[in-house]
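Tertiary structure, described
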Amino acid sequence: MMDRVGSRTAPGAARRVEIVTVMDNYADVFLPSTPAAERRGPPALAPDRPAPDGDPSPLLAEHGLSLWVSITSDEATRSFLFDTGMTEVGVPYNLRRLGLAGRQLDGLILSHGHPDHTAALVPTLRLFDPPPPVYVHPKAFAERYLVRPDGQKLLSNTLSPDTIRSAGAELIPVQGGFDLAPGVALIGDIPMKNEFERGFPAAFVMQDGELAPDLFPDELALVIQLAGRGLIVITGCAHRGVINTVRHARELTPEERVHVVMGGFHLGGATEKIQQTAEELRRLDPTHVIPGHCTGWEATVHLSQALGRAFILSAVGTRFVFDAPGS
Ligand SMILES: [Fe+2]
Ligand SMILES: [Fe+2]
């Protein structure tokens, strides 16, 4: 664990980053490919015909997130899976269809303890031999609830350290900054500095036998330095604020430029927050913004209009490729 991540990254920054959207809330087989986003296109097989692994057959979508992230430096290529979706079924199914099951996987990262990011953890670990280590913040195991407008409390965490260890995986606790590889870091303890990013009001956590507002101290973001381009910042739900997250990534690394912001931004229904987030993203001026998962339809539409060509629509099965200049 380090106070400042990325301190040894200058010579080892990534030269290529490939991200495959294994799971997201949206599927669309007719999206056209662009230079940064390769879409799979319509399935080639009839739906009733069994498809071999890796075949371009239909994928599942669900209210969940999972991203396969491969990072190539001069020294090595390392792959990480960021989150495991909302059901036990979706992510393992899609990993097989995408030809990713059983491939080299250097780590499985859980962005936080919500079930739409952790549900398929055990069946996913079983697809890899040996199972990869699991990087997770210790507070992801807290007893937490979503409280509905009618007052009903929904238990929103089923994750435990025993679940991970019984699947044969090593549990690596992550707090603060944590270097996964040169130029690749997890960042946690994200400071909530913005007035407009104050968390998720319906979320509560059990503390000393009582429910208290959940401020998501367990939230981790994946930050990659792409040589000559800038930071790639990947969020799970961004409950502590996507702008707070990107700003914190800039403070913890030697890199000021932001190349990509991708993941769940959790902006559903909050009109003012959507506008302020769009304004701040324009100030940060990333080359690509790829909101997905819990960003929400209204926010996605607004960001597509506010950010112009920087905006890319997230959809299951998309393969994003980001290269250093001259690669
Ligand atoms: Fe989520
Ligand atoms: Fe969440």
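For the structure, see preceding data.
Residues numbered from 1 in each chain as written. Chains lettered and ligands numbered in written order. Predicted model: local features only at pLDDT ≥ 70, side-chain atom pairs only at ≥ 80, totals over all residues. Heavy atoms only, no water.

The next point concerns the state of the cysteines. Scanning all chains against the criterion turns up zero disulfides. With no disulfide of its own, C294 has C237 as its nearest cysteine by sulfur position, at a separation of 3.6 Å. Taking relative accessible area as the criterion, C294 reaches 8% and is therefore assigned buried. (Disulfide = S-S within 2.5 Å. Buried < 20%, exposed > 50% of the residue type's maximum accessible area, 1.4 Å probe, protein only.)

The next subject is the coordination of the iron ion (ligand 2). The protein atoms that coordinate the iron ion (ligand 2) are H112 (NE2), H114 (ND1), C237 (SG) and H239 (NE2), at distances spanning 2.2 to 2.6 Å. Geometry at the iron ion (ligand 2) is irregular, judged from its four donor atoms and the angles of 91 to 165 degrees they form at the metal. Taken as a pair, the iron ion (ligand 2) and the iron ion (ligand 1) show a spacing of 3.5 Å, with C237 coordinating each metal. Linking H112 in the loop between β5 (107–109) and α2 (115–118) with C237 in the loop between β15 (230–235) and α5 (242–252), this pair joins segments that are 125 residues apart in sequence. (Donors = N, O, S within 2.8 Å, 3.2 Å for Na, K, Ca; no water. Tetrahedral: all angles 85-135°; square planar, octahedral: opposite > 155°, others 65-115°. Helix = DSSP H or I, 4+ residues; strand = E, 2+ residues; numbered from the N terminus.)

The subject of this paragraph is α5. Of all the eleven residues making up α5, eight are buried; the element is thus mostly covered by neighbouring parts of the structure. Burial in α5 covers these residues: V242, I243, N244, T245, V246, H248, A249 and L252.

Approximately 330 Å³ is the volume attributed to the largest pocket. Sorting elements by how many residues they give to the lining of the largest pocket places strand β3 (residues 66–72) first, with three residues. Taken together, the residues of the lining of the largest pocket break down into four nonpolar, six polar and six charged. (1 Å grid on protein atoms, 1.4 Å probe; cavity = no way out; pocket = protein on both sides within 12 Å on 5 of 7 lines; lining within 4 Å. Points joined across faces, edges and corners; volume = space filled by probe spheres on them. Nonpolar A, V, L, I, M, F, W, Y, C, P; charged D, E, K, R; others polar.)

Looking now at the pattern of salt bridges. Summed over the entire model, instances satisfying the criterion amount to 14 salt bridges. Note that D74 and R15 form a salt bridge whose closest N and O atoms lie 4.0 Å from each other. Taken together, the positions of D74 in the loop between β3 and β4 (77–82) and R15 in the segment before β1 (16–23) put the pair 59 residues apart, joining distant regions of the chain. On the basis of relative accessible area, R15 is assigned to the partly exposed category, the value being 30%. For E38, the salt bridge goes to R319, with nearest N and O atoms at 2.6 Å. In this pair, E38 is assigned in strand β2 (residues 37–38) and R319 in strand β18 (residues 319–323), connecting sequence segments 281 residues apart. Accessibility expressed as a relative area gives 42% for E38, which makes it partly exposed. Assessed through its relative accessible area of 25%, R319 is described here as partly exposed. Connected through salt bridges with shared partners, the residues R16, E18, E38, R319 and D323 form a single ionic network. (Salt bridge = Lys/Arg side-chain N within 4 Å of Asp/Glu carboxyl O.)

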